[in-house]
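# A closer look at the structure
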Amino acid sequence: MISPQAAFSPSYARARVQFLEGAATAGMSITSHNHPLPGRDGETLAMDVALDGAPDAERLLIVSSACHGAEGYCGSGVQVFAAHDAEWRAHARAAGVAVLYIHALNPHGFSFVRRVTHENVDLNRNFQDFSQPLPENPAYAELHALLLPADWPPGPDNQAAIDAYVATHGLLRYQAAVSQGQHAFADGLFFGGTAPTWSNLTLRQVLRSQAQKARRLAWIDLHTGLGPSGVGERICACRDDPAALARARRWWDGRGQTPVTSIYDGSSTSARLTGLMWGAAYEECPQAEYTGMALEYGTLPIDEVINALRGDHWLHQHPDAPAALHQAIKQRMLDTFYVNTDTWRAQVVAQARQALFQAVDGLSAP
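Each chain carries its own residue numbering, running from 1 in the direction its sequence is written. Where totals are concerned, whole chains, interfaces and linings use all residues; where local detail is concerned, this predicted model gives features only for residues with pLDDT of at least 70, and gives and counts side-chain atom pairs only at 80 or more. By convention in this description, side-chain values take in all heavy atoms of the structure and omit both hydrogens and water.

It is worth spelling out the pairing of strand β6 (residues 232-236) at this point. Put simply, side chains in a regular strand alternate between the two faces of the sheet. Across the five residues of β6, five count as buried, placing the element largely inside the fold. A two-sided burial pattern is seen for β6, the buried positions comprising G232, R234 and C236 on one face and E233 and I235 on the other. Following DSSP output, two strands are said to pair if at least two bridges run between them. Only DSSP runs of H or I reaching four residues or more are called helices, and only runs of E reaching two or more are called strands; each is numbered from the N terminus. Two elements, β6 and strand β8 (residues 289-298), share five bridges in a ladder whose sense is antiparallel. Bridge assignment links C236 to a residue of β8, and that residue is M293. If you view a crossover with the strands going away from you and the path from the first strand over the helix to the second runs clockwise, you call it right-handed. At this point the chain moves from β6, through helix α10 (residues 242-252), to the parallel strand β7 (residues 260-261), and the crossover so formed is right-handed. Three labels apply to residues, based on accessible area from a 1.4 Å probe with only protein chains included: buried if under 20% of the type maximum, exposed if over 50%, partly exposed otherwise in between.

Rendered as structure tokens:
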């Protein structure tokens, strides 16, 4: 076993090396799906997939990172730690559960310290039926121009207008308006896209090739950016299905110590969303009973998270920004989605490890 501190990396390139080395040392089967573009430092980008266990296992646990690229600094650390955790791996094997690690669902965002894909799309709003009319978000349309002003940092008038919106509608409504997803502003925040992204299509390929034998399928998707710092909220990652929610709560609520929340009953810190990634589990693996959870670690207050994303989108629109401003915006993004302290990393690993053991127990229960 390695220490929690050693499992985390300061860049995508280093995180990928650590993940591949850990998976190879553990004897996992590795498949890499190369991204069409290079990374920030010219490195190869890929969605790397490592299978720990039998390819025909009827019980399969997926553990994924970097759905939102910059959140991969956290998720990759959990995956690397798990690859070196002999006790955890033995527990899964003894229960007959195979574990599929998907490293860097959105490698471009991970490398460039962005939340979105190279198409400027929020991957977790992109799993829509694009043959049908897409959801509308008129509240976001009201805010778009305020969220992405001509200059950055925004002036006092802009901040006053944002404050006035929050004062009138409340912080939760502001969060929902901004974050629930929108398909009208391709340069905007939480853009769900108008077609499937590379990451969407590649993930579906992975599910078709790796999860077709599973009869019971679980998925833990690792995220950061919502809630109190270091606290991992367990958000049910299923359809609006009472049976699936009840199953997730049996597995992961720790007898009430670690409640499982839902975007459908208002118990989650997340807004109610559409186009969610785990919908692909139902579509690509219809043979399996599916149970999923997003493990969402807190970092900073939500208004600070939104402001970091505003700055990053502004920078994407202004690539000629001064070097010092560019660096400040990118550092703020990193600090927003990855708390660079030993205490936070230890909290992340401890909670993830508990959830991994619980998932195996749930999958192997009668």
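That shown, we press on.
A few words on the confidence of the model for the chain. A residue's pLDDT is the predictor's confidence in that residue, given on a scale from 0 to 100. Across the chain, pLDDT averages 97, with 100% of residues at or above 70. Within the chain, the lowest mean pLDDT, 94, falls on helix α8 (residues 171-179), and the highest, 99, falls on strand β2 (residues 46-52).

This part covers the environment of K213. Within the secondary structure layout, K213 lies in the loop between α9 (198-210) and β5 (216-229). Note on K213: relative accessible area 52%, which makes it exposed. The contact criterion used is simple: two residues touch if any of their non-hydrogen atoms lie within 4.5 Å. Setting aside its immediate chain neighbours within four residues, K213 contacts P55, D56, A57, E58 and Q287.

This next bit is on the pattern of salt bridges. Salt bridge, as used here, is a side-chain nitrogen of Lys or Arg placed within 4 Å of a carboxyl oxygen of Asp or Glu. All told, the structure shown has 18 salt bridges when counted by the stated rule. Across the pair K330 and D312 runs a salt bridge whose closest N-O atoms are separated by 2.8 Å. Here K330 is found in helix α13 (residues 323-337), whereas its partner D312 is found in helix α12 (residues 302-317), with 18 residues between them in sequence. Taking the relative accessible area as the measure of exposure, K330 reaches 15% and is therefore buried.

Moving on, we get to the nonpolar core. Buried together is how nonpolar side chains tend to be arranged in soluble globular proteins. Each nonpolar core is a collection of buried residues, namely Ala, Val, Leu, Ile, Met, Phe, Trp, Tyr and Cys, held together in the definition by side-chain atoms within 4.5 Å. Within the largest apolar cluster, 114 residues are counted, with the highest numbers of intra-cluster contacts made by L61, W88, I102, L203, I220, W252 and Y290. A total of 10 residues in this core trace back to one element, the largest contributor, which is helix α14 (residues 342-364). Counting residues in hydrophobic clusters, the runner-up holds six residues, among them W152, A321, L325 and I329.

Time to look at the pairing of β2. Extensive coverage of β2 is indicated by the burial of seven of its seven residues. Burial along β2 is two-sided: A46, D48, A50 and D52 and M47, V49 and L51, pointing in opposite directions, are all buried. Judged from the six bridges that link them, strand β1 (residues 29-34) and β2 form a sheet pairing that is antiparallel. Looking across to β2, one finds that S32 is bridged to D48.

With that out of the way, let us pick up unusual backbone geometry. Cis geometry marks the peptide bond from W152 to P153, where omega comes out at 0°. Counting through the fold element by element, P153 comes out in the loop between α6 (138-147) and α7 (156-169). With a phi angle near 60°, A66 is a residue other than glycine that sits in the positive phi range. Mapped onto the elements, A66 comes out in the loop between β3 (59-64) and α3 (72-83). We note that R255 has phi near 55°; this positive angle belongs to a residue other than glycine. Tracing the chain through its elements places R255 in the loop between α10 and β7.

For the rest of this paragraph, the subject is α13. Relative to the 21 Å expected for 15 residues at 1.5 Å per residue, α13 spans 22 Å between its end C-alpha atoms, a close match to the ideal helical length. Inspection of α13 places L325, I329, K330, M333, T336 and F337 among the buried residues, and these make up the whole buried set. The buried residues of α13 occupy an angular sector of 130° when projected down its axis, which confines them to one face. The outward face of α13, more than 90 degrees from its buried face, is lined by the exposed residues A323 and A324. Close packing links the buried residues of α13 with α5 (107-112), β5, α12 and α14. One less than the residue count of a helix, multiplied by 1.5 Å, gives the span that helix is expected to have. Directions drawn from the helix axis to the C-beta atoms are what define this arc.

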